[in-house]
Amino acid sequence: MTDSVALPLYMRRSAFDPDPELAAVREKDGVQRLSTMFGIDAWMVTRFADVREVLGDSGRFSNSAHQAGIRPPGVPQLSDEQLKAMRAGNLLAFDPPEHTRLRRMLTPEFTMRRMRRLEPRIKDIVAEHLDAMEAAGPTVDLVQAFALPIPSLVICELLGVPYGDRDDFQRRTTRMLDLSLPFEERSAMQLESRAYMAELVARTQAKPGEDLLGMLVREHGDDLTTDELIGIGGLLLLAGHETTSNMLGIGTLALLRHPDQLELLRKEPERINAAVEELLRWLSIVHTGMTRFTTTEVELSGTRIPAGELVVCALPAANRDPALVSDSDRFDISRGDLGHVAFGHGVHHCLGAPLARMEMHIAFSALFERFPGLREAGPQAEFRSFHFVYGLSTFQVGW
């Protein structure tokens, strides 16, 4: 399938770097009309200031796809009731005030204060996987042994998902987000994932526990429909492990291939926060986030975009915009937090950003402390080009 599918410009990468043509668009016009993988034309926005404007203005740039009346070719025609059920609870599919209503129920669970309560358990989970790596060594696949299972276990415990189910939900998620696969196959995975979460929600409604789903049933059971609970649970399960796991894998590779930066981090471990922020900016593993639709005619970098048009934000281009930082293609952990858009911006800024940051701070620090001689081993790491979230398929390491 991958041989017959052309990647749109905003998804093209060369190892850690975006396609040079993306930077050329950013420097010349900033906005370019192109075709997406879904057979729909879109306006690609590349400059940091424009991306923040799009992400920060839900009035002119809507997340509610149904408002534009646009459906990709091959998407089955669903009734209004079916569409409503599929969208329910998915914060990414709504604008305020509906988005605000849903997010307000979840925000208290993702504050830094709440995250600090999870810190001891995350440290234990990381240590357990480092122990298992050491026992299985001297070489392992870092993706399977470390990067993928740690965020998966954390989100399972937070949500109340049995960790024994992880192989199935990871398989479904991987295929659902693999844009090289036929839409029908990805759609089937989405339906399977929804059916799984429906069963879990039904069990939680019957006997709510102390996890996040249990909290939602106990404290907001009268405000949330069953479909909304299913949608919230499915989104958090997917987003809660997929993005962080890819950052742990590709972030480790980036540090190993920049030994001067890794040495600086080893000498000054207090730089871990700045290192994580620079990895987020420099790698920008989410290509675009959710697409937006214009609700009125807008102008970005001198380009007029009519109402009812699809807009995609090229996050790697925005985060490497010289207007944000000088020498922007260089990986430099001494920069600190520059206010990147790797977690998005505005009302849809990633809800789980505090959790993701904490997991990365703990995991990267512990990994390089346990294995000071960590190195690439075996076959070259494999990058995932056709995935909604950029990262590595496999990555062999030794020590």
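Since we're looking at a predicted model, the values are computed, not measured.

Chemist: Mind showing me how you'd approach the sheet that holds strand E11 (residues 375–376) here?
Modeler: Within a sheet, neighbouring strands are paired by backbone hydrogen bonds and run either parallel or antiparallel to one another. Pairing is antiparallel across the open sheet formed by 3 strands, whose spatial order is E6-E14-E11. For this open sheet the edge positions go to strand E6 (139–141) and E11, each flanked by a neighbour on one side alone. With 2 bridges connecting them, E11 and strand E14 (residues 396–398) associate as antiparallel partners. The residue bridging Glu376 from the neighbouring strand is Val397, located in E14.

Chemist: Sorry if this is basic, but what is going on with the pairing of strand E4 (residues 41–45) here?
Modeler: Looking along a regular strand, one sees side chains alternate from face to face of the sheet. Burial analysis of E4 places 4 of its 5 residues in the buried class, which makes it a mostly covered element. In this structure, strand E3 (residues 31–35) lies alongside E4, joined through 5 bridges in antiparallel fashion. Pairing of Arg33 across the sheet is with Trp43, part of E4. Counting the residues that bridge the hairpin from E3 to E4 gives 5 residues, and of these Gly39 lies at a positive phi of roughly 75°.

Chemist: What is the right way to look at the sheet that holds strand E7 (residues 292–294) in this model?
Modeler: Taken in spatial order, the 5 strands make up an open sheet running E3-E4-E10-E7-E5, and their pairing is mixed. Because the sheet does not close on itself, it has two edges, and the strands there are E3 and strand E5 (61–62). Across the sheet, helix H2 (residues 48–56) lies against E3, E4, E5, E7 and strand E10 (310–313), angled at about 125° from E10, the strand it touches most.

Chemist: Would you take a moment to explain the packing of aromatic side chains for this structure?
Modeler: Remark: the centre distance and the inter-plane angle together describe each pair of aromatic rings, the angle taken between the planes. The tally for this structure, following the rule as stated, stands at 5 aromatic pairs. Ring geometry for Trp282 and Phe331: centres 5.1 Å apart, planes at 35°, overall tilted. In this pair, Trp282 is assigned in helix H13 (residues 272–283) and Phe331 in the loop between helix H14 (315–319) and helix H15 (353–370), connecting sequence segments 49 residues apart. Each member of the pair Trp282 and Phe331 is classed as buried. Members of the aromatic cluster, joined through ring pairs, are Phe16, Trp282, Phe331, Phe383 and Tyr390. Taking NZ or CZ as reference, Arg13 lies 4.6 Å from the ring centre of Tyr390, over its face. Looking at Arg166, its charged tip hangs above the ring of Tyr163, at a distance of 4.0 Å from the centre.

Chemist: What's the story with the environment of Asp29 in this structure? I'm lost.
Modeler: Here Asp29 is to be found in the loop between helix H1 (20–28) and E3. Residue Asp29 is classed as partly exposed on the basis of its relative accessible area, which comes to 38%. In this structure, the C-alpha to C-alpha distance between Asp29 and Gly302, residues 273 residues apart in sequence, is 8.1 Å.

Chemist: Would you mind going over the side chain of His387 with me for this structure?
Modeler: With respect to the element layout, His387 can be found in the loop between strand E12 (382–384) and strand E13 (391–394). Among the residues examined, His387 registers a relative accessible area of 3% and is labelled buried. There is a polar contact of 3.1 Å between the side chain of His387 and the backbone oxygen of Val389. Discounting chain neighbours no more than four positions away, the residues touching His387 are Met11, Thr174, Leu177, Asp178, Glu242 and His287.

About the thresholds
Residues numbered from 1 in each chain as written. Predicted model: local features only at pLDDT ≥ 70, side-chain atom pairs only at ≥ 80, totals over all residues. Heavy atoms only, no water. Pairing = 2+ DSSP bridges. Helix = DSSP H or I, 4+ residues; strand = E, 2+ residues; numbered from the N terminus. Buried < 20%, exposed > 50% of the residue type's maximum accessible area, 1.4 Å probe, protein only. Contact = heavy atoms within 4.5 Å. Axes fitted to C-alpha atoms, helices over the stretch in contact; angles between N-to-C directions. Phe/Tyr/Trp six-rings, centres within 6.5 Å; stacked < 30°, edge-to-face > 60°. Lys NZ or Arg CZ within 6 Å of the ring centre and 35° of its normal. Polar contact = N/O pair within 3.5 Å; in protein donor to acceptor, adjacent residues only side chain to side chain.

Read these as spatial facts, not as claims about activity.
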